[in-house]
Amino acid sequence: MSTTWLAERSLGFDSSGIRKVFDLAARMENPINLSIGQPDFEVPKEVREAYVDAAQSGKNGYALTQGMPVLLEKLQAQIDQEYGAGNREAFVCSGTSGGLVLALLTLVNPGEEVIIFDPYFVMYTSLVKLVGGQPVLIDTYPDFRLDVDKVAAAITSRTKMIIVNSPANPTGVCASTEELRGLAELAAKNNVVLVSDEIYREFVFDEPFCSPAVFNPQTLVIDGFSKSHAMTGWRLGFVHGPPSVIEAMVKVQQFTFVCAPQPAQWAGAAAMDYDVQSHVTQYRERRDMMLDGLAGHYEIARPGGAFYLFPRAPWGTGTEFVERAIDENLLMIPGGIFSERDTHFRISYAASPETLERGIEVLQRIATR
Ligand SMILES: Cc1ncc(COP(=O)(O)O)c(C=O)c1O
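Quick notes on the overall build of the chain
Helix and strand counts for the chain stand at 13 helices and twelve strands. A compact globule built from 369 residues should have a C-alpha radius of gyration of about 21 Å, and the chain, at 21 Å, falls within 12% of that. The buried share of the chain, taken over its 369 residues, is 45%. Taking all contacts inside the chain whose residues are at least 6 apart in sequence as the whole, residues at least 24 apart take part in 76%.

Listed below in structure tokens is the structure:
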């Protein structure tokens, strides 16, 4: 096929950095793999059973566009309890990624600006460009805190949206209540849509989870079951926000994704009854184990959630350092994948304690050149 067929919007994606790492990784034997962005526990048994029961009992057809009542009513009840009845409407989408795609398609016009905190989840900048928007990056190094004054200074007449992600991928850093309040109020004051990606909300270790939607009811929250219940392959997410925006997003879903997979929705309803706290406790212990093991060797902003650490490379660029780690059979992701800077690297500690021990041993050894 001729590359001249490709639409301009498809040329904006650059996956060369990550491809290079995975090409190197393909040659590794039994790597110490600290690169994975998904939980290392299995989908809970009750949830798998609910999926199988749904599939076996013929719940395999198209789902309702907004979501099957079995799941949607449960989600809506939980949201009403958290935010008050009648204020926010929910719908079910194909993964958090599906919710993000719909949010951008529904809300961002070509030429409009979307504020994103750097480092960021890789999809944000790509999706903004896909819809013809302009990503505006706010540098958050070295502590990865939200500086509301910096955001205020970046707002122009073309700013349409701010995307916030706490706990964050790739840093694991949680924004403070005050930072989220400041951001939420700033968005409200400037009539800018605040999108809050809350996919890691279950994985908070030091403080209770806080959503900016508490301070700004117009906030569009995007969430899902991929990380909380290790259901990454089942493509189940949900969105809640102001009813007029939700209704428009559901219409766009009707003409794009159609619906989220039906058996996964029955399983999602079961997942809502399953407490993931024991996994959270395990991940807290692993975070502490990593921080203890790397203390004195690496500069790391303390992560309060998710399952990532984002240390500064002790020498060379993030890419050079990760290449050195790969020589030692340790696989991680260079920070340049998530950022304009190539100075850091991402460690995922969603791995067994034995794997983490092996990773720490290598990281201590290669911290000096
Ligand atoms: C911050 C963030 N948002 C969204 C997603 C996508 O999740 P999903 O599997 O629900 O599409 C990920 C996955 O890594 C993520 O880290």
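Re the sheet that holds strand β8 (residues 237-241)
Read across the open sheet, the seven strands follow the order β2-β8-β7-β6-β5-β3-β4; overall the sheet is mixed. Each end of this open sheet is capped by a strand with a single partner; those strands are β2 (89-93) and β4 (134-139). Sheet twist, expressed as the average angle between the axes of neighbouring strands with direction ignored, equals 20 degrees. As paired elements, strand β7 (residues 220-224) and β8 share four bridges and run antiparallel to each other. Across the sheet, residue D223 finds its bridge partner in β8, namely F238.

Digging into the domain arrangement of the chain
Partitioning the chain into structural domains gives domain 1 (14-37 + 276-366) and domain 2 (45-271). One C-alpha centre belongs to domain 1, the other to domain 2; they are set 26 Å apart. Every contact between the two is made by 22 residues of domain 1 and, on the other side, 26 residues of domain 2. Elements represented by at least two residues in the side of domain 1 that touches domain 2 include exactly α11 (277-294) and β9 (308-309). With four residues, the top contributor of residues to the side of domain 1 that touches domain 2 is α11. Grouping the amino acids of the side of domain 1 that touches domain 2 by side-chain chemistry returns twelve nonpolar, five polar and five charged.

Here we look at the nonpolar core
Of all hydrophobic cores here, the largest spans 102 residues; its most connected members are V239 and A267. Split by domain, this core shows at least three residues from each of two domains, domain 1 (14-37 + 276-366) and domain 2 (45-271). Other than its neighbours up to four places away in sequence, A267 contacts V47, A50, Y51, A54 and W234.

As for the site of the ligand
Around the ligand sit 13 residues in total, of which G95, T96, S97, N169 and S226 are the nearest. Broken down by element, the shell around the ligand gets its largest block of residues, three residues, from helix α5 (residues 95-107).

Some points on the sheet that holds strand β11 (residues 333-334)
Pairing between the strands of a sheet comes from backbone hydrogen bonds, and it takes one of two forms, parallel or antiparallel. Taken together, the three strands give an open sheet; going across it, the order is β9-β12-β11, and neighbouring strands pair in antiparallel fashion. Looking at which strands have only one partner, the edges of the open sheet turn out to be β9 and β11. Two strands pair when backbone bridges link them, and β11 and strand β12 (residues 345-348) are joined in this way by two bridges, in the antiparallel orientation. For P334, the partnering residue across the bridge sits in β12 and is F345.

Notes on helix α3 (residues 45-56)
With twelve residues, α3 should reach 16 Å at 1.5 Å per residue; the first-to-last C-alpha distance of 16 Å fits that figure. Among all positions of α3, only V47, A50, Y51 and A54 are buried. The arc that holds the buried residues of α3, viewed along the axis, is 100 degrees, so those residues lie on one side. Among the exposed residues of α3, those oriented more than 90 degrees off its buried face are K45, E46, V52 and Q56. Structurally, α3 contributes buried residues whose contacts are with α10 (262-271). G58 occupies a position one or two residues after α3 and carries a positive phi of about 80 degrees.

Some remarks on unusual backbone geometry
Cis geometry marks the peptide bond from D118 to P119; its omega dihedral reads 5 degrees. Following N169, the chain continues into P170 via a peptide bond in cis, with omega recorded as 15 degrees. Structurally, P170 is set in the loop between β5 (159-165) and α8 (177-189). For N30, which is not a glycine, the phi torsion comes out positive at approximately 45 degrees. Relative to the helices and strands, N30 is located in the loop between α2 (16-26) and β1 (32-33). Phi is positive for N329, which is not a glycine, with a value near 70 degrees.

Let's talk about the packing of α5 against helix α9 (residues 243-254)
Relative orientation of the contacting elements α5 and α9 amounts to 110 degrees, with a least axis distance of 9 Å. As far as their axial angle goes, α9 and α5 are roughly perpendicular. Here L102, A103, L105 and T106 of α5 come into contact with α9, specifically with A248, M249, V252 and Q253.

Considering the packing of α11 against helix α13 (residues 353-366)
Each packed pair of helices is defined by two parameters, the angle between the axes and the distance between the axes. Where α11 meets α13, the axes come as close as 10 Å, and the angle between the chain directions of the two elements is 20 degrees. On the basis of their axis angle, the class for α11 and α13 is roughly parallel. Relative to α13, α11 is oriented so that their crossing is right-handed. Listed contacts from α13 to R286, M289, M290, G293 and L294 of α11 are P353, L356, I360 and L363. Grouping the amino acids of the contact of α11 with α13 by side-chain chemistry returns seven nonpolar, one polar and one charged.

How each quantity is defined
- Residues numbered from 1 in each chain as written.
- Predicted model: local features only at pLDDT ≥ 70, side-chain atom pairs only at ≥ 80, totals over all residues.
- Helix = DSSP H or I, 4+ residues; strand = E, 2+ residues; numbered from the N terminus.
- Rg over C-alpha atoms; globule rule 2.2 N^0.38 Å.
- Buried ≥ 20, exposed ≤ 12 C-beta atoms within 10 Å, placed from the backbone.
- Contact = placed C-beta atoms within 7 Å.
- Pairing = 2+ DSSP bridges.
- Axes fitted to C-alpha atoms, helices over the stretch in contact; angles between N-to-C directions.
- Domains from an automatic or database assignment.
- Nonpolar A, V, L, I, M, F, W, Y, C, P; charged D, E, K, R; others polar.
- Core = buried A, V, L, I, M, F, W, Y, C linked by C-beta atoms within 7 Å.
- Near = placed C-beta within 6 Å.
- Expected span 1.5 Å × (residues − 1).
- Arc of directions from axis to C-beta.
- Parallel < 35°, antiparallel > 145°, perpendicular 65-115°, else oblique.
- Left-handed = near helix turned anticlockwise from the far one by under 90°.

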